[in-house]
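A closer look at the structure
If you want the building blocks of each chain, they are given just below.
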Amino acid sequence: MADDKREGGLPDLASLRIDPRARTDAQRGKKRRRILPAALLIALVVLLGAFFLSARIAQVEVASAKNPVMGKGDVVLNASGYVTPRRRSTVAAKITGRVQEMLVEEGMSVEEGQVIALIDDADAGRLLDAAGAEYDVARATIAELQVNHADAQRTLRRIERLNSEKVSSQQELDSAQAAVDALKARLALAEEQVQSARARLEVARQDVENCTVRSPFSGIAVSKDAQVGEMVSPISAGGGFTRTGIATIVDMKSLEIEVDVNEAYIAKVSIGQAVSATLDAYPGWQIPCTVRTIIPTADRQKATVKVRIAFAELDPRILPDMGVKVSFLSGENSAPDSRVQSLIPRQSVREMDGRQVVFQLGEGRLAMRAVKLGEKRAGEIEVLEGIAPGDRVVVDGPPRLRDGQRAQVKE
């Protein structure tokens, strides 16, 4: 009876149960729908990271490959010194005055004769006007005396005729002659006064011109020693309130190295000797130089002799007063190997995948060059294949550089 009632009235509860297999399939579907967007998001982040990593600009230091023109002479002597210019001038005003305008700043290039400062010329201008007025007065005085002198000469000739005719006395003749002579003397004096007034006028003009301070030669302004409103003078005056210099100009084309060599080793140095120089600021950059002159006197206190060394080629990185170390090379240099294409700093060579490579910088991107190397020199290495003289190679930068990566030189 009970079974008939379940069949006829109440539903079977077992039929309402969820199949466990269906529940598992639904959960798996939900997990898949969650995992798929997450995987896509991770892949997108990885791609974007790779893109930005490849687009990042690498900051590098570069050096130019050199022509292997120098021989392989051994180092016979080491010394240290500084970069100094042969032409360096602290420009001063020729007169004492107040700075009205400064037209130069540190690091500015100037040409010979270029105006670098203006001194207040108000007083000099007034003196010029006064000198001009005195000159005009002196010239006007000459004109008046010339008229009087001509009249006195006519009077003298007339009295001479009268005296010849026994009409005038000798006293009148003497007076007329004296008047002519006096006017002639006054005229000569007036002409000298005109010359003196002209000279004072030129001096006044020069004083006005001296209010304009010009550069004595072309170069770079390395210091600005005066400011607008300060007093300047060619001599020290006024204690600490008066400047003697306006600006310091350096001829960058005259840079050279000055070192002190112990007098016990000066015999190892000769004019024209090859020298390898290294700036303290760029320790990986070997600069070819030659001995320009040996100063023919010794410093008795330091027991040294001053030697001046000329750069084979100037570079904008070479600045006055930089510290430098030099190596004097022996004169018995062997002939350079004809197979050597260039010389590059040792630290520019890297090893990648068992190959020796160099990264060359050109047009803002790096190019990986496989190189064939030769012998090592002082701080440099010979390149037989791969790099030509003048190519810019990376000497310092991120450890992981890539071919085609964007790069720029560190400032």
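Described in the following lines is the structure provided in the data block. (Residues numbered from 1 in each chain as written. Predicted model: local features only at pLDDT ≥ 70, side-chain atom pairs only at ≥ 80, totals over all residues. Heavy atoms only, no water.)

**Description of the overall build of the protein**
Here is the rule: Helix numbers and strand numbers start at the N terminus; a helix is a DSSP run of H or I with at least 4 residues, a strand a run of E with at least 2. The buried label applies to any residue whose accessible area, calculated with a 1.4 Å probe on protein chains only, is under 20% of its type's maximum; exposed applies above 50%, and partly exposed to all values in between. Any two residues having at least one pair of non-hydrogen atoms within 4.5 Å are treated as being in contact. Methods summary: accessible areas were calculated by the Shrake-Rupley approach with a probe of 1.4 Å, and residue burial reflects only the protein chains presented.
Looking only at helices and strands, the protein has 4 helices and 24 strands in total. Here the protein holds 411 residues, and the buried ones make up 34% of them. Restricting the contact set of the protein to residue pairs at least 6 apart, pairs at least 24 apart contribute 75%. Carbon and sulfur atoms provide 52% of the accessible area of the protein, an area that totals close to 25800 Å².

**Quick look at the sheet that holds strand β3 (residues 88-91)**
Filter applied, for reference: Here, strands pair whenever DSSP counts at least two bridges between them.
On the basis of which strands lie adjacent, the open sheet formed by 4 strands has the order β3-β11-β8-β5 and antiparallel pairing. The open sheet has two edge strands, β3 and β5 (109-110), and neither has a second partner.

**What to know about the sheet that holds strand β4 (residues 97-102)**
Strand order across the open sheet formed by 5 strands is β7-β6-β4-β9-β10, with mixed pairing between neighbours. A single partner strand is all that each edge strand has here, and the edge strands are β7 (212-214) and β10 (242-243). Where strand β6 (residues 115-119) lies against β7, 3 bridges are found, and the strand directions are antiparallel. Opposite Leu118, over in β7, you have Thr212 as the bridge partner.

**Focus on the pattern of salt bridges**
Rules: Each salt bridge in this description consists of a side-chain nitrogen of Lys or Arg and a carboxyl oxygen of Asp or Glu lying within 4 Å of one another.
Here the structure, examined in full by the defined rule, presents 17 salt bridges. Via salt bridges that share partners, Arg86, Glu256, Glu258, Asp260, Arg292, Lys302, Lys306 and Arg308 belong to a single interconnected network.

**Things to note about unusual backbone geometry**
In this model, Ala303 sits at a positive phi of 55°, which is unusual for a non-glycine residue. Considering the arrangement of structural elements, one finds Ala303 in the loop between β14 (286-299) and β15 (304-311). In this structure, Glu363 takes a positive phi of about 55° despite not being glycine. As for its placement among the helices and strands, Glu363 is situated in the loop between β19 (355-362) and β20 (365-370).

**Points about the nonpolar core**
Convention followed: Only buried Ala, Val, Leu, Ile, Met, Phe, Trp, Tyr and Cys residues count toward a nonpolar core, and they belong to the same one when joined by side-chain atoms within 4.5 Å.
If you look at the biggest cluster of nonpolar residues, it comprises 24 residues, and the most contacted ones within it are Ile257, Val259, Ile309, Val326 and Phe328. Only β2 (75-85), β12 (255-262), β13 (274-279), β14, β15 and β16 (323-329) provide two or more residues apiece to this core. Top contributing element to this core by residue count: β12, with 4 residues. Aside from chain neighbours lying at most four places away, what touches Ile309 is Glu256, Ile257, Val259, Val275, Cys289, Thr290, Val291, Arg292, Val326 and Phe328. Within the second largest apolar cluster, 20 residues are counted, among which are Ala93, Ile95, Met102 and Ala226.

**So, the side chain of Glu380**
In this structure, Glu380 sits in strand β22 (residues 380-385). Setting aside residues up to four positions removed in sequence, Glu380 forms contacts with Lys66, Gln286, Leu343, Ile344, Pro345 and Arg346.

**Side note on the pairing of β14**
With 5 bridges joining them, β13 and β14 adopt antiparallel strand pairing. Directly across from Ser276, in β14, lies its bridge partner Pro288. Between β13 and β14, which pair antiparallel in sequence order, lie 6 residues. Bridge count between β14 and β15: 7 bridges; the pairing is antiparallel. Residue pairing in the sheet places Val291 in a bridge with Ile309 of β15.

**Some points on the environment of Gln273**
Applicable threshold: Under this definition, polar contacts are N or O atom pairs within 3.5 Å; protein pairs additionally need one hydrogen-donor-capable and one acceptor-capable atom, and for neighbouring residues in sequence, both atoms have to be side-chain atoms.
Position of Gln273 relative to the elements: it lies in the loop between β12 and β13. Exposure remark for Gln273: the relative accessible area of 8% places this residue in the buried category. Taking the C-alpha atoms as reference points, Gln273 and Thr290, separated by 17 residues in sequence, lie 5.4 Å from one another. Leave out the neighbours within four places in its chain, and Gln273 touches Val76, Lys268, Cys289, Thr290, Val291, Phe328 and Leu329. Side-chain polar atoms of Gln273 contact the backbone nitrogen of Ser270, separated by 3.0 Å.

**Some details on the side chain of Gln360**
Checked against the element boundaries, Gln360 lands in strand β19. A distance of 3.1 Å separates a polar atom in the side chain of Gln360 from a polar atom in the side chain of Arg369.

**Let's talk about helix α4 (residues 170-210)**
Selection criterion: For a helix, the expected span equals 1.5 Å multiplied by the residue count minus one.
The end-to-end C-alpha distance of α4, which contains 41 residues, comes to 60 Å, matching closely the 60 Å that a straight helix rising 1.5 Å per residue would cover. Within α4, burial applies to Leu173, Ala176, Val180, Leu183, Leu187, Ala190, Val194, Ala197, Leu201, Ala204 and Asn210. Lining the buried residues of α4 we find α3 (122-164) and β7.

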